[in-house]
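Secondary and tertiary structure notes
Listed here are the chains, written in short residue letters.
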Amino acid sequence: MEELPCIASTLGSADADVGDACASTRSTRSEPPAEVTGTLFGQVKSSEQLTEIRETLAGMASAGTEVEAIDRIRVLESLKATCAALQAREAVALDRLRRTRESAEGMPADQQGRGVGDEVALARREPAQRGGRHIGLARALCHEMPHTLRALTDGEISEEHATAMARETAWLPVEHRRTVDALMSCRLGPIGVKKLAAEARAHAQRLDQESAVAQLERCRTERRVSVRPATGGMAYLTALLPMPQAVAVYANLHRDASTAVGVGDEAGRTRDQIMADLLVERATGQSSAPAIPTEIHLVMTDASLLDGDPTSGWLPGQGPIPAEQARQMVADPEAEVFLRRLFTAPESGQLVAMDSKARVFPPLLRRMLVLRDDVCRTPWCEAPIRHADHVKPHSEGGPTGFNNGSGLCARCNYTKQNAGWRHEATPDGLDVITPTGHRYGNRTSPLLSRMYRSRHERPRHSSVPEARAAAVLSGWNTARTLARLSMAAALSGPDHRLELRGVGSNPTGHDFSGRRLRF
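Quick look at the structure, then.

About the criteria used
- Residues numbered from 1 in each chain as written.
- Predicted model: local features only at pLDDT ≥ 70, side-chain atom pairs only at ≥ 80, totals over all residues.
- Heavy atoms only, no water.
- Patch = residues over 30% accessible without salt bridge, like charges linked within 9 Å, V, L, I, M, F, W, Y side chains within 5 Å.
- Areas by Shrake-Rupley, 256 points an atom, 1.4 Å probe, with all protein chains shown as cover.
- Salt bridge = Lys/Arg side-chain N within 4 Å of Asp/Glu carboxyl O.
- Helix = DSSP H or I, 4+ residues; strand = E, 2+ residues; numbered from the N terminus.
- Buried < 20%, exposed > 50% of the residue type's maximum accessible area, 1.4 Å probe, protein only.
- Axes fitted to C-alpha atoms, helices over the stretch in contact; angles between N-to-C directions.
- Parallel < 35°, antiparallel > 145°, perpendicular 65-115°, else oblique.
- Contact = heavy atoms within 4.5 Å.
- Pairing = 2+ DSSP bridges.

Describing a nonpolar patch on the surface
On the surface, a cluster of nonpolar side chains totalling about 370 Å² of accessible area is made up of Val225, Val227, Leu237 and Leu279. Positionally, Leu279 belongs in helix α14 (residues 271-284).

Next comes the structure, spelled out in structure tokens:
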């Protein structure tokens, strides 16, 4: 147990002079005090030494007693905070060094430092959006909030606490931010994140009421709605709204759901379930929550669709859903369904390549990239795909084709245009090379491997009896019998897949009642 405090002390402990140095920066300095930096890094001078410390910790045997286990957990938590503080310092150092070099090279000031946040995100193995936030937090801690930085370095607070302090004072002038940092110094440690944020916000609003009102107005412009996947085939629909509106929406749903429970719900739903259904119905204008008129891409094997195979389906950008749930989505009598065959390579399970001479990726080729990459292709970035990007730029002769295409979020695509950044890719993977020469790779997950646990599980050939197909697709318009049987026959070949789209209108213009089929 004695080795852990020793390591923590080596990484981040300092004597009382450090606290005095930090306090002196509150009103006079905007750069990290050299005394603090020297104390913290006096004993560890290279990444190799940090690697040795990490390897020492990784090889440590588990505790032999309950007391020892708790003590280690506590110290390790403090060590995490210390590492977070040191990461912040290194991020500021990287930003300073990059801007200094680019300034010497004659780069305009407004272009200096671009892409630093994305490099930090890759090094931290996080989505690109978090890299920018980390740089902002690092600058605030090192330049304007010495007490918070000191508490984080000593392991008294977590990175979440430090982020809350920075977030609640971000809109203040520097001198007021330092004042709040000093006023909250005695509260850093024995307080939860929410209460810490509330108290810091109260101090900030008291110091600068005019800026506080302006900040509230700015926050109103950031209202938005987002969706992210959850377990069990569910998803989180999140709305960031002004407080009065959010409370009004919730209160309205709560009141009507409570009334429905009070009079007795025929389906036996709970209040929370009724609130969720009411939200869907009121947002979509439907009389019931299911079968809403929107387009949902669903990739599943023919065996899962027609032969009861347990292989999961896949919602691009969201993840897997159970095969039975996928079949229920397709069999919903109130939904319109379009079928499109997708063909994959027999061994790798990747989608078959396509090519085009167009400058802009055609819609179907772009859809192939989205289905292949699922989410932004940059390592650790899981943002939705917004851009179909040329890996080798079109201006340099890069073709508009499947082999030279990448599905990227807007941020990663714009970052790629910065000086020193380079992408190397094939349909099987993407390598990102940053200005420092570091390479980060991301292998493309084959379409089939997302649904099968291994490629050996998937059938080499599929045999779907017409009777089974007719039973699964029962209830479809009689006029579609020929198309139905043709589909069943077409699905007898190896390594084919289906993309199913539930839509709210008939894009083919055919006057068919019931379901729509498209090949």
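Considerations on helix α8 (residues 146-153)
Burial runs high along α8: 8 of the 8 residues are buried. What α8 keeps buried is the set Pro146, His147, Thr148, Leu149, Arg150, Ala151, Leu152 and Thr153. Just past α8, the residue Gly155 takes up positive phi, approximately 80°.

Brief notes about the packing of helix α5 (residues 66-104) against α8
Between α5 and α8, the shortest axis-to-axis distance is 7 Å and the interhelical angle comes to 135°. Judged on the interaxial angle alone, α8 and α5 are oblique. Residues Ala81, Thr82, Ala84, Ala85 and Arg89 of α5 form the contact with α8, whose own contacting residues are Leu149, Leu152 and Thr153.

Examining unusual backbone geometry
Backbone geometry places Arg125, a non-glycine residue, at a positive phi of 60°. As for its placement among the helices and strands, Arg125 is situated in the loop between α6 (116-124) and α7 (128-144). On the accessibility criterion, Arg125 (61% relative accessible area) is exposed. Positive phi, normally seen in glycine, also occurs at Trp380, with a value near 70°. If you trace the backbone, Trp380 turns up in the loop between α17 (363-373) and β8 (387-390).

Thoughts on the sheet that holds strand β12 (residues 429-433)
On the basis of which strands lie adjacent, the open sheet formed by 3 strands has the order β11-β12-β13 and antiparallel pairing. Lying at the two open borders of the sheet, with one neighbouring strand each, are β11 (422-426) and β13 (439-443). Put simply, the sheet's adjacent strands are angled 15° from each other on average, direction ignored. Pairing geometry for β11 and β12, over 5 bridges, is antiparallel. Bridge pairing in β12 places Thr426 opposite Gly429.

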